[in-house]
Amino acid sequence: MTAPMNPNARKSVCIHGHFYQPPRENAWLEAVEMQESAYPNHDWNERITRECYNTNTRARLLNDAGDIETAVSNYAQISYNFGPTLLAWMKDAEPETYQRIIDSDKESAQRFGGHGSAMAQGYNHTILPLCNDRDRDTQVKWGVRDFESRFNRKPAGMWMPETAVNTATLESLAAHGIAFTILAPRQCDSVRPLDNGEWNHVGEGVDPTQAYRCNLPSGRSITLFFYDGPVSQGVAFEGLLNSGERFADRILSGFDDNRPHNQLMHIATDGESYGHHHRHGEMALAAALHHIHNNPDIALTNYAQFLEHNPPTMEARIREDSSWSCLHGIERWRSDCGCNSGRDGWHQKWRAPLRAAFDWLRDTVNPAFESTASKLLKDPWAARDGYIEVILDRSPDSIDAFLARHARADLSAADRGTILRLMELQRHAMLMYTSCAWFFDDVGGIETVQVIQYAARVIQLARLSLGLELEEEFLARLADCPGNTREMPDGRSVYETAVRPAMLSLDRVAAHCAVQRLFEGPADEVYSFDVLDRIDQRLTSGRASLVVGHATFRSSIDAESAHLTYCAVRTTDHTVSCGVRPHGGDDTFNAVKSRAVESFDRADFAGILRLIDQEFGGARYSIASLFRDEQHRIVREMLRPSLAQIDASYQQIYDQHAPMARFLRSLSLTVPRRIRMIGSFVLSQSIRQILESPAPDLDRAAELAEEAAREGIELDKDTTTIALARAMRTATAAIPQSEVDRIDRARTLDALVAFTERLPFPADLWPLQEFYLDHLRPSLTKADNTDHPDANDATDIIRTLGARLRVRA
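To keep things clear, this report deals only with the structure shown in the data block. Owing to the predicted nature of the structure, the values given are computational and were not obtained by experimental measurement. (Residues numbered from 1 in each chain as written. Predicted model: local features only at pLDDT ≥ 70, side-chain atom pairs only at ≥ 80, totals over all residues. Heavy atoms only, no water.)

## As for the overall build of the protein chain
A count of helical and extended segments in the protein chain gives 28 helices and 19 strands. Taken against the 2.2 N^0.38 rule, which gives 28 Å for 809 residues, the C-alpha radius of gyration of the protein chain at 30 Å falls within 12% of a compact globule. If one aligns the C-alpha atoms of the protein chain with their principal axes, the spans along those axes are about 95 × 75 × 60 Å. With 809 residues in all, the protein chain has 55% of them scored as buried. When contacts within the protein chain are restricted to residue pairs at least 6 apart in sequence, long-range pairs at least 24 apart make up 68% of them. Of the roughly 34000 Å² that the protein chain leaves accessible, carbon and sulfur atoms contribute 48%. Of the charged side chains in the protein chain, 88 are positive and 113 negative; the average position of the first set lies 2 Å away from that of the second. (Helix = DSSP H or I, 4+ residues; strand = E, 2+ residues; numbered from the N terminus. Rg over C-alpha atoms; globule rule 2.2 N^0.38 Å. Buried < 20%, exposed > 50% of the residue type's maximum accessible area, 1.4 Å probe, protein only. Contact = heavy atoms within 4.5 Å. Areas by Shrake-Rupley, 256 points an atom, 1.4 Å probe, with all protein chains shown as cover. Lys, Arg positive; Asp, Glu negative; His and termini not counted. Charge placed at Lys NZ, Arg CZ, Asp CG, Glu CD.)

This is the structure we're talking about:
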């Protein structure tokens, strides 16, 4: 499937995937915190990467017997775009998947005549027609520059978030070198031949199989591709991904032999359809692409290659202020238009006042920003456009280069910090318009909470860098955003209950660091904050511990810093308390430390708490002040002894009552639910512990699984699946270097597969199958051409493993 495609084919196919997740980073930590709703994964980015983004880099392609023939990159065969903020997260959190996506663009260029398939996207998925001119221009510039930095080439196409379009947006794309974009068929108003014939109003009846030129008032032009609506809808809502061959046939049905021009049958959908919204959708996509590729009358292509060989012969006019996901144009992102995600009886009256509140905040901040920034920067708005270089690379050298380009003169350390805070203010002022906030049903939804968090960061930065006090007026405006739940009746309650607790000061960073130190956690870096010149003392006595110290806490994002003293204590009853204050000098610190140590030595915990109240006035911090991931880690550590006792008690209860349970079943009597629940816990935990051990006894794990089946006990699927995934990662971590290594590894993997066959639910064997394809199956060919004494044994073992994994040997 790597042969170049025929660019002059009469019939061509292009499938576009729009891969995107809203930014989920805490606005202060610049990191995605744990999201319990994504369990068993850490967060939704991680979960969707596992289900979709990664699987599409190596999609399993089955033969007629249902065995895995090979694994292919879907990205290298389709057109695709990724949200820049998603790729930024992925580069650090899932680097292997990230690199495969980048490499797929290079592979697609080899397939498609030098034209890579990746497209750019407006930076943080704002609705571009709803932006003011300056923000829209920055969104496009940042999207282009982000693309260039990752794919090492200029983008030919750009995906407009929600395909939302107006003439001003197309002008911005064209002005920044974008040759084409993709629209829904209903976004076409009318068409005519390029020789200035009569305009023909077509609406959704536009012919999607050709390219159209859109001539713009500036004299520029851009090419428009209107995707096939019915087939695209079928992917999302009609089960086309249940069968790759059916999917391919449906695409090919869009051709019409009566059309005189070379035809491009193309669709566009959310990329998450291929694996996340539809389980194994990536396999259906791979099968469809394989089916189309094997049709000698059809060429797979991408938009840039098709455009090179089939320039537009028709002109199109767009339907202004339209999108692919709102029947009312772009009202879904500014009014209660009726478009929602299906909660009966819920309204979206909050949408308009929420956007108005954000507009007020932006328009109030911008004049003060321009006035202050003009004293430090040659052109504040040009500096904002150029700040993408710092977002892409926050190293000191990158910041120095940014300031050298844009600053008026030599800067003091305070001036540098002010500039960075002003730039971050502008970044968050655009992040708060991320479209997902308005897409769903309630002002208290997770996506809306996220953008209100960005607004809160704007308010904080405006206070720090501009001296503006904006929170109360903003809260008054949020009060006019009515919600649908008793818990969050309006936008103000969302801010106060879901956003304010996440707001961060350097004092809280210090408190987090101090409480971490109570539990021997790391202390030199706290997310996007550096802990510098730390001096502290940690004492322990049984379960109790004390930390007294001081350090400089500095944001690596905007350079805000403070030298703070902290004192934290953990008592024998698990109570944790911490105080933070500005560092008052070594003498003052040593006096406080001496009093705290003396009290701790006497086990006078009440005295330490009084000391914290007296010397660290104001807020007292506790475990609740920790950031989410560290809360989970510390609570698990605190509970470990108690949980071990519970585990032992449950094991004892199970051992005592298992014979009685078997007796009851022999009489066809019902085993009490409590005994079955304890059995499920004990057996699931035992299997988990085996799988997570360095050398798992898989025979014993299989015996426990058989015991559960025999006793009618339901194993905990999530617990077992997580442990099994870890065991697979361990078993496939190292590449075998010799025949002996390959034999040993094959036997290990075979034992894992044998264990999964005893489980009452299907296991995802893809990690083992991928390892087999990459490192074991190729050795079969080598074994056929070698006289190595272990070759026959290796061949037999590897072939047997391949059969169990359903991989063609």
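More follows now that the structure is in view.
## Quick look at helix α7 (residues 244-252)
Three or more residues of α7 are buried, namely G244, F247, A248, I251 and L252. Buried residues of α7 fall within an arc of 130° about the axis and therefore sit on the same side. (Arc of directions from axis to C-beta.)

## With respect to the sheet that holds strand β17 (residues 544-555)
Strand order across the open sheet formed by five strands is β15-β16-β17-β18-β19, with antiparallel pairing between neighbours. Of all the strands in the sheet, the pair left with one neighbour each is β15 (525-526) and β19 (576-582). Pairing geometry for β15 and strand β16 (residues 529-541), over two bridges, is antiparallel. Bridging from a neighbouring strand, V526 pairs with F529 of β16. (Pairing = 2+ DSSP bridges.)

## Considering the nonpolar core
The biggest cluster of nonpolar side chains holds 98 residues, and the ones touching the most others in it are F358, L361, V365, F474, L478, Y495 and F553. Looking at which element gives the most residues to this core, the answer is helix α16 (residues 446-466), with eleven residues. Setting aside its immediate chain neighbours within four residues, V365 contacts L425, V458, A462, L466, L468 and L470. Residues V13, F147, M160 and I251 belong to the second largest nonpolar core, which totals 67 residues. (Core = buried A, V, L, I, M, F, W, Y, C linked by side-chain atoms within 4.5 Å.)

## A word on the packing of helix α13 (residues 396-406) against helix α14 (residues 413-431)
In a packed pair of helices, the relevant descriptors are the angle between the two axes and the axis-to-axis distance. At a minimum axis separation of 12 Å, α13 and α14 run at an interaxial angle of 90°. The orientation of α13 relative to α14 falls into the category roughly perpendicular. Here α13 contributes I399, D400, F402 and L403 to the contact with α14, which in turn contributes R416, I419, L420 and M423. Each residue belonging to the contact of α13 with α14 can be placed in one class, and the counts come to six nonpolar, no polar and two charged. (Axes fitted to C-alpha atoms, helices over the stretch in contact; angles between N-to-C directions. Parallel < 35°, antiparallel > 145°, perpendicular 65-115°, else oblique. Nonpolar A, V, L, I, M, F, W, Y, C, P; charged D, E, K, R; others polar.)

## Focus: the sheet that holds strand β11 (residues 221-226)
Spatially, the six strands line up as an open sheet ordered β7-β11-β10-β14-β8-β9, and their pairing is mixed. Every other strand in the sheet has two partners, leaving β7 (180-183) and β9 (200-201) as the edge strands with one partner each. Both strand β10 (residues 212-215) and β11 contribute to a ladder of four bridges, which runs antiparallel. By the bridge assignment, Y212 is partnered in β11 with L224.

## Some remarks on the pairing of strand β5 (residues 118-121)
Burial along β5 is two-sided: A118 and A120 and M119 and Q121, pointing in opposite directions, are all buried. Across two bridges, strand β4 (residues 79-82) lies against β5 in parallel orientation. Residue Y80 lies in a different strand from β5, and its bridge partner there is A118. Pairing of β5 with strand β6 (residues 158-159), which is carried by two bridges, proceeds in the parallel orientation. Along β6, the bridge assignment pairs Q121 with W159. Taken together, β5, helix α4 (residues 133-151) and β6 form a β-α-β motif whose crossover is right-handed. (Right-handed = clockwise from strand over helix to strand, strands pointing away.)

## Concerning the pairing of strand β3 (residues 68-72)
Of the pairings in the sheet, the one linking strand β2 (residues 59-62) to β3 comprises four bridges and is antiparallel in character. Its bridge partner being in β3, R60 is matched across the sheet by A71. Where β2 hands over to β3, the hairpin turn is made up of five residues, of which G66 adopts a positive phi near 85°.

## Focus: unusual backbone geometry
With an omega dihedral of 10°, the bond running from Y39 to P40 counts as a cis peptide bond. Secondary-structure assignment places P40 in the loop between β1 (11-19) and α1 (44-53). The phi torsion at N196 lies on the positive side, around 65°, for a residue other than glycine. According to the relative accessible area criterion, N196 is exposed, its value standing at 56%. Its identity as a non-glycine residue notwithstanding, Y527 has a phi of 55°, on the positive side.

## Comments concerning the packing of aromatic side chains
Within this structure, the stated rule accounts for 28 aromatic pairs. Note on F225 and F306: the rings are 6.4 Å apart at their centroids and 65° apart in plane angle, and the pair reads as edge-to-face. Taken together, the residues span a long stretch of sequence, with F225 in strand β11 and F306 in helix α9 (residues 303-309) at a distance of 81 residues. With a relative accessible area of 0%, F225 lands in the buried category. Aromatic side chains F439 and F440 sit 5.0 Å apart centroid to centroid with 70° between the ring planes, which places their arrangement in the edge-to-face category. Put simply, the rings of F19, Y53, Y75, Y80 and F82 pair up and form one aromatic cluster. Here the guanidinium or amino end of R332 rests over the ring plane of F439, the centre of that ring lying 3.6 Å away. Sitting over the ring of F616, R581 keeps its end group 5.4 Å from the ring centre. (Phe/Tyr/Trp six-rings, centres within 6.5 Å; stacked < 30°, edge-to-face > 60°. Lys NZ or Arg CZ within 6 Å of the ring centre and 35° of its normal.)

In short, the description is geometric, and any link to function would need to be established separately.
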